[in-house]
Structure formats: C-alpha cells, structure tokens
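Overview (structure and organization)
Chain by chain, the residues run as shown.
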Amino acid sequence: GPGINLWYRNMGGGIYSRVPISDWCMNADFGPCVPIDIDNDGDKDLVAFSESFGKLIAHWNLGHGIFGPFTTISPYLFSASLPQTIDVADIDGDGSEDLVVGGRSVISQGTGSFTPPATYYWQDVLQSIGYVDCGPALDVILSSFQFTGIYSSAVNAGQSPTTYIITNNIFPIQRGTLAELNGDGLADLIIGPLYGSDLVRYRLNNAVPPDVIFDLPAEVDTLFTDTAFLLTGGYPTAGGGFYAGPGVFNDTLYSALASEGWNLITYHHASFLDFTYCQGSAVDSVFIIHTTGISELARDPIVTYPNPAADLVHLRWNDGPIERIIVRDMMGRSMDAHINMFARMDHEALLNVRDLSTGCYVITILRNGRRPRSVPITIAR
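Residues numbered from 1 in each chain as written. Predicted model: local features only at pLDDT ≥ 70, side-chain atom pairs only at ≥ 80, totals over all residues. Heavy atoms only, no water.

1. Quick look at the overall build of the chain
Definition in use: Under the scheme used here, helices are H or I runs from DSSP no shorter than 4 residues and strands are E runs no shorter than 2 residues, and both carry numbers assigned from the N terminus. Working definition: with a 1.4 Å probe on protein chains only, accessible area under 20% of the residue-type maximum means buried, over 50% means exposed, and in between means partly exposed.
For the chain, the count of helices and strands is one helix and 33 strands. Of all 381 residues assigned to the chain, the portion counted as buried reaches 44%.

Now the structure itself:
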C-alpha cells in the first residue's frame, strides 16, 4: 500500500500473509525490488535502483523474514526520472547472481557489492531478459516512453548494436516482455501497451540455427601439394557463408599449407531471421598427399612478388631454364591468352596480368625432366 513496503509469506493452500518491511528505506526513493542472495548466505535480499542516488541499494535479509536498513551496493550508474526495472541472472557463469539494470549487466563480486561494466546504460526503460537469438549472449528487450518501438540488444552491447523488433509507430506506446509460449524452448515476445488500454499481441521466436550442408566435389577428396582450389559445396549460400580449416584463406584451399593426411574443412553460414542472428556449420574432409620433401622445397622454391598483384608479377626460381609457364584459374582453365610475358631469363620472368580478372590463380612452371612446380597468386585491384 501507499508508504508501506511488504513481502508476502506463502502459508500454503494458496494463502499468503503479508509482512511489513521496515520503513528505514522509505527516503531512498527507489523503484521495484528484486529478490537476490547478494552475500551468498542463503537468504534472499532485496535490491532496487534508487532514482535519487543513481545507485543500486540493498535491503538486507537478516533472517526469519526480518529486513534491516538499506545500503548502497554499487557505484554511481546513471540518473533516472522513472523507476528502473531490474532482472537477475548469472551473466558471467561464476555461480553468483548478477543484475541487469538499464539494459546492461551489473556483475556481483560475491561479497555484497557489484561492479558495472564501462558501457552505455539505457535510462528510464522497462526491460525483460532472455536468450532471443542463437548466440550465447543474454539479450534484453527494452521499452520506454522515449522509444517509437521495442528494442532488442545483447546485455553487454554498446549503444549502436541495438535493433528494433517493432519499427512502426504504435499508439499507445508498446512494451515487450519475454516468455516461452509454445513449448519450443525459445523466448517469445508479448507486446502490450506501456500505459492505457490496447490489444495484447505476441510474436513467436523463430531463431533456429539454419540447416547447413557441405559436400566437397569428389574430384577434390584427395589433393596433391602445390594445389590451390577454390572451395565450393557449402549450402545455403544466400546471406553469406565462409570456409575455414588448415590451409584455407579467402575460401581457397592451399594444399601446400595444410597437413599431410586428412584435413577437416568447415563451412559456416549465418542467417538473420526476423532480427535474430543464427549460425550453423558443416564439415567435410580432404586428404593431402605430399609429393616432395622439405629438402627439395628448400632448394627449389618459386618466389612471386607482389602477391596480391595488380598489373605485373615477378617470378624467380633456382634451377635454370624452363620450358613453359602456365597460368590457370581455380576451375583449371588456361589463362595463357590473357598473359603477356615481358621477359624471361634462366631464373626469372616478368608477367603482364592486366587482362586477368580479380581472383585466385595458379602459376605452373614446366621444366625439362623434373616435376612441375606451382604457386598460387592473387589478382586484386
């Protein structure tokens, strides 16, 4: 009631008995309280945000339903003109309950004090916390008289990553609350008026990791060293995907940089579903056969520079005259018609690659009576 702080004792059988809380905290000017065991003594204390102090205050549980006077338990957070809602969650996984205030985390030290992160706080907001998307970070739904819609944000994000969930102007101004509505384990959104009367709506959460498939073409299940292969076979591709693994750079597998034997390649795909971010992945393997030893590589390298190149490519090698230089794209097609050789000597050559499109290529040097040597080159403009 007015001027009275109460808690209700569960008497069983659906009966509750109200118990007054000391009025020692009445001059603190604070908003709604949340129960939390601040000092890990097994008793739930009461925490609220004091508008006049700009700090969190605690009403300490002395046991047997008796609460002592309040104390401040945080440094200054922010000024507010309205009561601030507070939520409880173990944000950093240390076993102690932390708090979410103003859409941001306030971390428990386990000794009765809290340390806020150095990040932006939303002022004068109503909030609801839950795992909205497919990421591991706790999310918060924010509603306020200041907003023209309802926001979703990671609890520890700065000001800019916040995303609208409702972008249209609805009157009266709406607030959002997270709750699991349809038994799928995902936090759904309940939407209702921030004040006044209006319809209560809901939006089901469809943040499900995408089904990702990755199947390398059969012809690249086994590769020899000195091969550069543009990776394909990952699905879906819409919205963006990328490959990762030993010897993989910019979605191209350079077999000389991978390990001999089996290598796992992973395709990652991220999707954005109704303002939720989800990622899935799939793996396939490729077998690398090394056909040359380290000693041969050491005495017979091919040096290309610059790499990436735009107009000219310099080649240098160690072991005398060569028969031919071949340039192929990642599909194995010869690019000889697009290459002009400005100069070729016994140990070096200068290639004009101005007519090649941006992308990855393989330069192969053919030598009398010896195994061809190849090196990847990137054309970038």
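2. Observations regarding the nonpolar core
Burial of nonpolar side chains together is a common tendency in soluble globular proteins. So the rule is basically this: The criterion is simple. A nonpolar core is a set of buried Ala, Val, Leu, Ile, Met, Phe, Trp, Tyr and Cys residues joined through side-chain atoms within 4.5 Å.
Of all hydrophobic cores here, the largest spans 19 residues; its most connected members are Val313, Leu315, Ile325, Leu351 and Ile363. Elements with a minimum of two residues in this core: β28 (312-316), β29 (324-329), β31 (348-352), β32 (359-367) and β33 (370-379). Counting residues in each nonpolar core, the second largest holds 17 residues, with Val34, Leu56, Ala80 and Leu99 among its members.

3. Examining the sheet that holds strand β24 (residues 252-254)
For clarity, the cut-off: Strands are treated as partners if at least two bridges between them are detected by DSSP.
Taken in spatial order, the three strands of this open sheet run β20-β24-β23, and their pairing is antiparallel. Two strands bound the open sheet, and with one partner strand each, they are β20 (228-230) and β23 (248-249).

4. Thoughts on the pattern of salt bridges
Cut-off, in case you're wondering: Salt bridges are counted wherever a side-chain nitrogen of Lys or Arg sits within 4 Å of a carboxyl oxygen of Asp or Glu.
Within this structure, the stated rule accounts for four salt bridges. Notably, a salt bridge pairs glutamate 97 with lysine 44, separated by 3.4 Å at the nearest N-O pair. Of this pair, glutamate 97 sits in the loop between β7 (86-89) and β8 (98-101) while lysine 44 sits in the loop between β3 (34-36) and β4 (45-50), and the two are 53 residues apart along the sequence. Where aspartate 311 meets arginine 354, a salt bridge forms, and the shortest distance between an N and an O atom there is 3.8 Å.

5. Quick notes on the confidence of the model for the chain
Formally: Each residue carries a pLDDT value, the predictor's own confidence for that position, ranging from 0 to 100. Contacts are residue-level and defined by heavy atoms, with any inter-residue pair within 4.5 Å sufficient.
Summing up the model confidence of the chain, the mean pLDDT is 78 and the portion of residues at 70 or higher is 79%. Below a pLDDT of 50 lies the segment residues 293-299, which in the model reaches five contacts outside its immediate sequence neighbourhood of four places, other chains included.

6. Some points on the packing of aromatic side chains
Rule in force here: In this scheme Phe, Tyr and Trp rings, the latter by its six-membered ring, pair at centre separations within 6.5 Å, and the angle between planes marks the pair as stacked below 30 degrees, edge-to-face above 60, and tilted otherwise.
Considering all chains together, one arrives at seven aromatic pairs under this definition. Here tyrosine 243 and tyrosine 267 contribute two aromatic rings whose centre-to-centre distance is 4.9 Å and whose plane-to-plane angle is 45 degrees, an arrangement assigned as tilted. With tyrosine 243 in strand β22 (residues 241-244) and tyrosine 267 in strand β25 (residues 261-273), this pair connects stretches of sequence that are 24 residues apart. Through a chain of ring-to-ring contacts, three or more aromatic side chains come together here, namely Phe214, Tyr243 and Tyr267.

7. Considering the pairing of strand β6 (residues 66-72)
With five bridges joining them, strand β5 (residues 55-63) and β6 adopt antiparallel strand pairing. What sits directly across from isoleucine 57, in β6, is threonine 72. Linkage of β5 to β6, two consecutive antiparallel strands, is achieved through a turn of two residues, within which histidine 64 is found at a positive phi near 60 degrees.

8. Regarding the side chain of aspartate 284
Here is the rule: What qualifies as a polar contact is a pair of N or O atoms within 3.5 Å, subject to a donor-acceptor requirement within protein and to the restriction that residues adjacent in sequence count only when both atoms come from side chains.
Here aspartate 284 is to be found in strand β26 (residues 276-289). Given the relative accessible area of 18%, aspartate 284 is considered buried. From its side chain, aspartate 284 meets the backbone nitrogen of leucine 216 in a polar contact 2.7 Å long. Once you skip the residues sitting within four places of it in the chain, aspartate 284 turns out to touch Phe214, Asp215, Leu216, Asn263, Leu264 and Ile265.

9. Thoughts on the sheet that holds strand β10 (residues 114-115)
The four strands are arranged β7-β8-β9-β10 in an open sheet whose pairing can be described as antiparallel. Taken across any chain shown, the strands that pair with only one partner, and hence form the sheet edges, are β7 and β10. Direction of pairing for β7 relative to β8: antiparallel, over a ladder of four bridges. Within β8, the position partnered with valine 88 by the bridge is leucine 99.

10. Observations regarding a nonpolar patch on the surface
Put simply, the rule is: Residues enter a patch when their relative accessible area is above 30% and they make no salt bridge; the linking distance is 9 Å between like charges and 5 Å between nonpolar side chains (Val, Leu, Ile, Met, Phe, Trp, Tyr). To be clear on the numbers: accessible area is Shrake-Rupley with a 1.4 Å probe, and residue cover counts the displayed protein chains and nothing else.
Taken together, the side chains of Leu181, Tyr202 and Leu204 define a hydrophobic patch exposed on the protein surface, amounting to about 310 Å² of accessible area. With respect to the helices and strands, tyrosine 202 occurs in strand β17 (residues 201-203). On the basis of relative accessibility, which here comes to 57%, the residue tyrosine 202 falls in the exposed class.

11. Quick notes on unusual backbone geometry
Here tyrosine 235 and proline 236 are connected by a cis peptide whose omega angle stands at 0 degrees. Tracing the sequence through the fold places proline 236 in the loop between β21 (234-235) and β22. Look at the link from tyrosine 305 to proline 306: it is a cis peptide, with omega at -10 degrees. A positive phi angle is found at asparagine 250, which is not glycine, with a value near 50 degrees. Even without being glycine, aspartate 251 reaches a positive phi, approximately 65 degrees. Looking at where aspartate 251 falls in the secondary structure, it is placed in the loop between β23 and β24.

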